[in-house]
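# Summary of the model geometry
The primary structure of each chain is shown beneath.
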Amino acid sequence: MSDVVRVGLLGGGTVGTAVIRLLHEHADEIALRAGCRVEVARVAVRDPSKRREVPLPPDRFTDDPQLVVDDPDVDVVCELMGGVEPARTLLLAALAAGKPVVTANKELVATRGRELFDLAAAKGVDLYFEAAVGGGIPLIRPLKESLAGERVRRVLGIVNGTTNYILTRMTEDQMDFDDALGQAQRLGFVEADPTADVGGHDAAAKCAIIASIAFDANVIPADVYTEGIERVAIDDIEYAARLGYVVKLLAIAELDGDAIAARVHPAMVPDSHPLAAVRGSFNAVFVEGDKAGELMFYGRGAGGDPTAAAVVGDLATVARHLHSGGRGPVFTRIIERAVRPIEDNDDQFYLRLQVVDRPGVLAEIAAVLGRNDVSIRSVWQEGAGEDAQLVFVTHRAHERGFRAAVRELEVLPVVEEVRSILRVEGEE
Ligand SMILES: NC(=O)c1ccc[n+]([C@@H]2O[C@H](COP(=O)([O-])OP(=O)(O)OC[C@H]3O[C@@H](n4cnc5c(N)ncnc54)[C@H](OP(=O)(O)O)[C@@H]3O)[C@@H](O)[C@H]2O)c1
């Protein structure tokens, strides 16, 4: 192999341009660590005439990504364009031609990863995707390689910076959801269509990847129970604070016997838990293992430069393998595991009810909860008259029983409205 490994980039946007700059600025350190120089040979973009702040001559840009994949001067294909197609077809073509692949595309890895992993293994080439989860935070390699001797039981994380930013503004500045979303949009933290972020779907794709890697399984986003933050009310954030909790959008992947439970939903986290201190657009992932105990990975989960740092780390590893031999981990040896439905989960719940203000109401509600095996840990009344509310936190209860209780409460004459429900996570 020559002393230069040449990269073909598919995409030269926020992350792609940061990758080009980083490969240029840190070229000597990267060469030292990879054992060879790593250079950008070609870049595919939609509009090659667009001005981009990169140290690369304009003739390296093309609007034909297939040309980049097929170019005999390209040793490694690095996909930073996003979306499932045409990225999937292009990467399958690269792997089929025996070219290693690096990608940051969480949507593609989460939904079609298996196809890519199988082809990479069959062809004996590397496939790396560190930046697909947690942007600049190293997580895939620690889970897959550093913790190869460990049995990971649970991964609990804040993996979407946009929703964490919105919840932080609601908590610290008493903004309501719409105002906090508006501010995040003005600051450029939100995609043009915010649904994937606020609806929890971006976090669900990352949760599926984390569960697949942590538990040697094949988990896809459709296996992940998903609730977004659209219905989190400022009142709930204030009640949570009074009770000593912070509201976060969590991605949780757990092993229960041989089955996996994977879910994304807003949750109240004790303010003493390390995840409670993760503010603004930062991400953090908390890993619980049999022997290593509790580990936390914290940092910037998005942004051009942090994400580029993870992508270039993958490129340097692939370049080292091409230059000096060796191969990265394969992801094809999986264990067939059932996915446990959310209804079979045990959790603590926070429940806020608008009620009729008269004696005996609490007893009627407590009876409904008790009948469904939901025991109350704490309760208090807020307001009076037409604005009377009862706020409950339960002990751990079966989700199915709790849901049955809520259905009964919805038609109980003394309950005017079930205002909100949140799960409580991270308690000892
Ligand atoms: N941004 C982040 O913070 C972040 C963090 C972690 C992971 N990621 C992932 O990284 C990937 C890239 O994200 P990004 O933020 O850099 O996106 P972006 O700024 O929208 O850039 C996308 C790039 O791909 C090019 N492109 C798109 N479709 C193409 C096509 N059909 N043919 C040729 N070129 C095409 C675009 O060309 P033009 O420039 O001409 O439009 C652009 O250069 C995504 O998978 C994303 O999920 C991003």
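Whatever comes next refers back to the structure up there.
Below you will find a few notes about this structure. (Residues numbered from 1 in each chain as written. Predicted model: local features only at pLDDT ≥ 70, side-chain atom pairs only at ≥ 80, totals over all residues. Heavy atoms only, no water.)

### A short note on unusual backbone geometry
How we decide: Secondary structure elements follow DSSP: runs of H or I of four or more residues count as helices, runs of E of two or more count as strands, with numbering from the N terminus.
Going from E85 to P86, the amide bond is cis rather than trans, its omega being 5 degrees. A positive phi angle, near 50 degrees, is found at D216, a position not held by glycine. Within the fold, D216 resides in the loop between α10 (201-214) and β8 (225-226).

### Some points on the environment of D47
With respect to the element layout, D47 can be found in the loop between β2 (37-44) and β3 (61-62). For the pair D47 and D63, spaced 16 residues apart in sequence, the C-alpha separation works out to 6.3 Å.

### Here's the deal with the site of the ligand
The condition is simple: We call a residue near a molecule or strand whenever a single non-hydrogen atom of that residue lies within 4 Å of it. In protein, a polar contact requires one atom able to donate a hydrogen and another able to accept it; more generally it is a pair of N or O atoms within 3.5 Å, and residues adjacent in sequence count only if both atoms are side-chain atoms. Here the accessible surface of atoms and residues is derived via Shrake-Rupley with a 1.4 Å probe, and residues count as covered only by protein chains that are part of the display.
Surveying the vicinity of the ligand reveals 23 residues, the closest of which are G12, V15, D47, R52 and G303. G12 has a polar backbone atom sitting 2.9 Å from an oxygen atom of the ligand. Here an oxygen atom of the ligand and a backbone polar atom of G303 are 2.6 Å apart. Contact with the protein chains covers 78% of the free accessible surface of the ligand, which is 900 Å².

### Comments concerning the sheet that holds strand β6 (residues 127-128)
Convention followed: For two strands to be treated as a pair, DSSP must find at least two bridges joining them. By definition, residues are in contact when any of their heavy atoms lie within 4.5 Å. Orientation is described by axes fitted as lines to C-alpha atoms, over the contacting stretch for helices, and by angles from 0 to 180 degrees between their N-to-C directions.
One open sheet accounts for six strands, arranged β3-β2-β1-β4-β5-β6; its pairing is parallel. Edge strands, defined here as strands with exactly one partner in the open sheet, are β3 and β6. Relative to strand β4 (residues 76-79), strand β1 (residues 4-10) is paired through four bridges, and the arrangement is parallel. Within β4, the position partnered with G8 by the bridge is V77. Across the sheet, helix α12 (residues 304-324) lies against β1, β2, β4, β5 (101-103) and β6, angled at about 165 degrees from β4, the strand it touches most.

### Some points on helix α8 (residues 177-186)
Three or four residues apart is the spacing at which side chains of an α-helix point the same way, because the helix has 3.6 residues per turn. Formally: Burial here depends on accessible area, computed with a 1.4 Å probe over protein chains only, as a share of the maximum for the residue type. Under 20% is buried, over 50% is exposed, and the range in between is partly exposed.
Of the residues making up α8, those classed as buried are F177, A180, L181, G182 and A184. In this structure, the buried side of α8 is in contact with α7 (161-173) and α9 (195-198). Sitting at the amino-terminal end of α8 is D176, which places a side-chain oxygen 3.3 Å from the backbone nitrogen of D178.

### Notes on helix α11 (residues 234-243)
When α11 is considered as a whole, its buried residues turn out to be I234, D236, I237, Y239 and A240. Positive phi shows up at G244, right after α11, with a value of about 90 degrees.

### Quick look at the pattern of salt bridges
Convention followed: Every case where a carboxyl oxygen of Asp or Glu lies within 4 Å of a side-chain nitrogen of Lys or Arg is listed as a salt bridge.
What the rule picks out here adds up to 36 salt bridges. Across the salt bridge formed by D71 and R42, the nearest N and O atoms sit 2.6 Å from each other. Here D71, found in the loop between α3 (65-70) and β4, pairs with R42, found in strand β2; they are 29 residues apart in sequence, far enough to count as distant. On the basis of relative accessible area, D71 is assigned to the buried category, the value being 11%. Between R352 and D236 there is a salt bridge, and its shortest N-O distance comes to 2.8 Å. Residue R352 is found in strand β13 (residues 346-355), and its partner D236 is found in helix α11; the two are separated by 116 residues along the sequence. When salt bridges with common partners are traced through the structure, they connect R154, E254, D256, R263, E288, R340, D347 and E425 into a single cluster.

### Quick look at the pairing of strand β17 (residues 415-424)
Two strands pair when backbone bridges link them, and strand β10 (residues 259-270) and β17 are joined in this way by two bridges, in the parallel orientation. Residue M268 lies in a different strand from β17, and its bridge partner there is V424. With eight bridges connecting them, β13 and β17 associate as antiparallel partners. Within β17, the position partnered with R352 by the bridge is S420.

### With respect to the nonpolar core
For clarity, the threshold we go by: Put simply, a nonpolar core is a bunch of buried Ala, Val, Leu, Ile, Met, Phe, Trp, Tyr and Cys residues held in one set by side-chain atoms that sit within 4.5 Å of each other.
Ranked by size, the top nonpolar core spans 83 residues in total, and within it F129, L143, I166, M170 and I209 carry the most contacts. Among the elements that make up this core, the one with the highest residue count is α10 (ten residues). Setting aside anything within four residues of it in sequence, one finds I209 in contact with K106, V109, A110, F129, A132, V133 and I140. Counting residues in hydrophobic clusters, the runner-up holds 34 residues, among them C36, V38, F61 and A310.

### Comments concerning the packing of α7 against α8
Using the following cut-off: When an angle is under 35 degrees it counts as roughly parallel; over 145 it counts as roughly antiparallel; between 65 and 115 it counts as roughly perpendicular; any other value is oblique. When the near helix sits turned anticlockwise from the far one by under a right angle, the crossing is termed left-handed; a clockwise turn instead gives a right-handed crossing. Note on residue categories: nonpolar means Ala, Val, Leu, Ile, Met, Phe, Trp, Tyr, Cys or Pro, charged means Asp, Glu, Lys or Arg, and polar means any other residue, Gly included.
It is at 9 Å that the axes of α7 and α8 come closest, and there the two elements cross at 125 degrees. It follows that α7 is oblique to α8 by the angle criterion. The handedness of the crossing between α7 and α8 comes out as right-handed. Residues Y165, I166, R169 and M170 of α7 lie in contact with α8, whose contacting residues are F177, A180, L181, Q183 and A184. Here the residues of the contact of α7 with α8 sort into seven nonpolar, one polar and one charged.

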